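Spelled out from the first residue to the last, the chains are:
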Amino acid sequence: MNTISPLAFVHPEAKLGDNNIIGPFCYIDRNTVIGDNNVMQNSVTINYGARIGNNNEFMPGASISTKPQDLKFKGEDTICEIGDNNSIRENVTISRGTASKGTTIVGSNNLLMENMHIAHDCVIGSGCIIGNSTKFAGEVVVDDNAIISATVLFHQFIRIGGYVMIQGGSRTSQDIPPYIIAGKEPIRYAGVNIIGLRRRGFSNETITQIHDAYRLLYSKGILAEGIEEIKKNLPLTPEIQYIIDFVQESKRGIIR
């Protein structure tokens, strides 16, 4: 049984699962699907096109599946997918997709801190921590288990690798490869995220291989030559292959 405040509005066409708590002054629009055991504290807005999983908590002022801030958006029927077990804090805004991809996606087990923004057609993985007032422009991809500090600005179309740690106040228009610490001004490679990797259960041997991979990658002026050095000198473990694939698939180039 859902618990819905008499001061909330739930559109009759909205589809709700079971055991949701919807606080006062919440607004649930039509064409929304909400799973089970979600908590929406006061003044949460779930806009047209939202698809929400289970066990999420939305703090006051959060607005999900908002109209994209994109002048090319012409009202096309798009959605915003939210997974399970997310903590979405005060005043977080997440836009739905546009005709470009059709869907904005946020995975599961993420902490999205106060006042951060995810723009249209972004894909945010699972297990991420994203700090206060960080902003993602359109079509950014964030891989699983990234930690991004406060007030970081991301240009559209870039990709952030998994298991990274990004310094607060940074900004980037290039891709940030996995397993590293990125920071300083302008943003650049600042070493391997050793502490974060150990906390995630990576062995010392694997961490050493990741470190060696970046040493070889950045030792060459041309990244393709660095990739060849990695292939010649290191075993192609899943972690090393992830680094190689990430760099080779990068469309905007990686930070150096």
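Residues numbered from 1 in each chain as written. Predicted model: local features only at pLDDT ≥ 70, side-chain atom pairs only at ≥ 80, totals over all residues. Heavy atoms only, no water.

Draft legend 1. Region of interest: the sheet that holds strand 8 (residues 45-46). The sheet built from nine strands is open, its strands ordered 2-5-8-11-14-17-20-23-26 with parallel pairing. Each end of this open sheet is capped by a strand with a single partner; those strands are strand 2 (9-10) and strand 26 (171-172). Of the strand pairs in this sheet, strand 23 (residues 153-154) and strand 26 are connected by two bridges, and their pairing is parallel. Bridged to Leu 153 within strand 26 is Arg 171. (Pairing = 2+ DSSP bridges. Helix = DSSP H or I, 4+ residues; strand = E, 2+ residues; numbered from the N terminus.)

Draft legend 2. Spotlight on the pattern of salt bridges. Counted under the stated rule, the structure contains nine salt bridges. With a shortest N-O distance of 2.8 Å, Asp 143 and Arg 159 are connected by a salt bridge. Within this pair, whereas Asp 143 is found in the loop between strand 21 (141-142) and strand 22 (147-148), its partner Arg 159 is found in strand 24 (residues 159-160), the two being separated by 16 residues in sequence. With a shortest N-O distance of 3.1 Å, Glu 229 and Lys 232 are connected by a salt bridge. Pair noted here: Glu 229 and Lys 232 are both in helix 3 (residues 223-233), with a separation of three residues, about one helical turn. Through salt bridges that share partners, Asp 143, Arg 159 and Glu 249 make up one connected network. (Salt bridge = Lys/Arg side-chain N within 4 Å of Asp/Glu carboxyl O.)

Draft legend 3. Broad picture of the packing of helix 3 against helix 4 (residues 238-249). At a minimum axis distance of 11 Å, the contact between helix 3 and helix 4 shows a crossing angle of 165°. With respect to their mutual orientation, helix 3 and helix 4 come out roughly antiparallel. The two elements helix 3 and helix 4 cross, and the hand of that crossing is left-handed. Along the contact surface, helix 3 presents Leu 223, Ile 227, Ile 230 and Lys 231, while helix 4 presents Ile 240, Ile 244, Val 247 and Gln 248. (Axes fitted to C-alpha atoms, helices over the stretch in contact; angles between N-to-C directions. Parallel < 35°, antiparallel > 145°, perpendicular 65-115°, else oblique. Left-handed = near helix turned anticlockwise from the far one by under 90°. Contact = heavy atoms within 4.5 Å.)

Draft legend 4. Spatial organisation of the environment of Ser 250. With respect to the helices and strands, Ser 250 occurs in the segment after helix 4. Between the C-alpha atoms of Ser 250 and Asn 56, which are 194 residues apart in sequence, the distance is 32 Å.

Draft legend 5. Local environment of the layout of surface pockets. One number sums up the size of the largest pocket: a volume of about 230 Å³. Considering the residues around the largest pocket, the lining is formed by Lys 101, Glu 139, Val 141, Phe 157, Ile 158, Arg 159, Asp 175, Phe 246, Glu 249, Ser 250, Lys 251 and Arg 252. Considering only residue class, the lining of the largest pocket consists of four nonpolar, one polar and seven charged. (1 Å grid on protein atoms, 1.4 Å probe; cavity = no way out; pocket = protein on both sides within 12 Å on 5 of 7 lines; lining within 4 Å. Points joined across faces, edges and corners; volume = space filled by probe spheres on them. Nonpolar A, V, L, I, M, F, W, Y, C, P; charged D, E, K, R; others polar.)

Draft legend 6. Quick peek at the nonpolar core. Of all hydrophobic cores here, the largest spans 64 residues; its most connected members are Ile 94, Phe 136, Phe 154, Ile 166 and Ile 176. Ranked by residue count, the leading element in this core is helix 2 (residues 204-218), at seven residues. In this view, Phe 136 contacts Met 116, His 117, Ile 118, Ala 119, Cys 122, Ile 130, Val 142, Ile 148 and Phe 154; residues no more than four positions away in its chain are not counted. (Core = buried A, V, L, I, M, F, W, Y, C linked by side-chain atoms within 4.5 Å. Buried < 20%, exposed > 50% of the residue type's maximum accessible area, 1.4 Å probe, protein only.)

Draft legend 7. Up close: the packing of aromatic side chains. The tally for this structure, following the rule as stated, stands at 10 aromatic pairs. Arranged with centres 4.8 Å apart and planes meeting at 40°, the rings of Tyr 189 and Tyr 218 form a pair that is tilted. Note that Tyr 189 is positioned in strand 28 (residues 188-192) and Tyr 218 in helix 2, a separation of 29 residues in sequence. Tyr 189 sits in the partly exposed class, given a relative accessible area of 23%. Aromatic ring contacts, followed pair by pair, group Tyr 163, Tyr 179, Phe 202, Tyr 242 and Phe 246 into a single cluster. (Phe/Tyr/Trp six-rings, centres within 6.5 Å; stacked < 30°, edge-to-face > 60°.)

Draft legend 8. A look at the pairing of strand 27 (residues 180-183). Of the strand pairs in this sheet, strand 25 (residues 165-166) and strand 27 are connected by two bridges, and their pairing is parallel. Its bridge partner being in strand 27, Met 165 is matched across the sheet by Ile 181. Both strand 27 and strand 28 contribute to a ladder of three bridges, which runs antiparallel. Bridge pairing in strand 28 links Ala 182 to Tyr 189. Where strand 27 folds back onto strand 28 in an antiparallel hairpin, the turn is made up of four residues, including Lys 184, whose phi is positive at roughly 70°.

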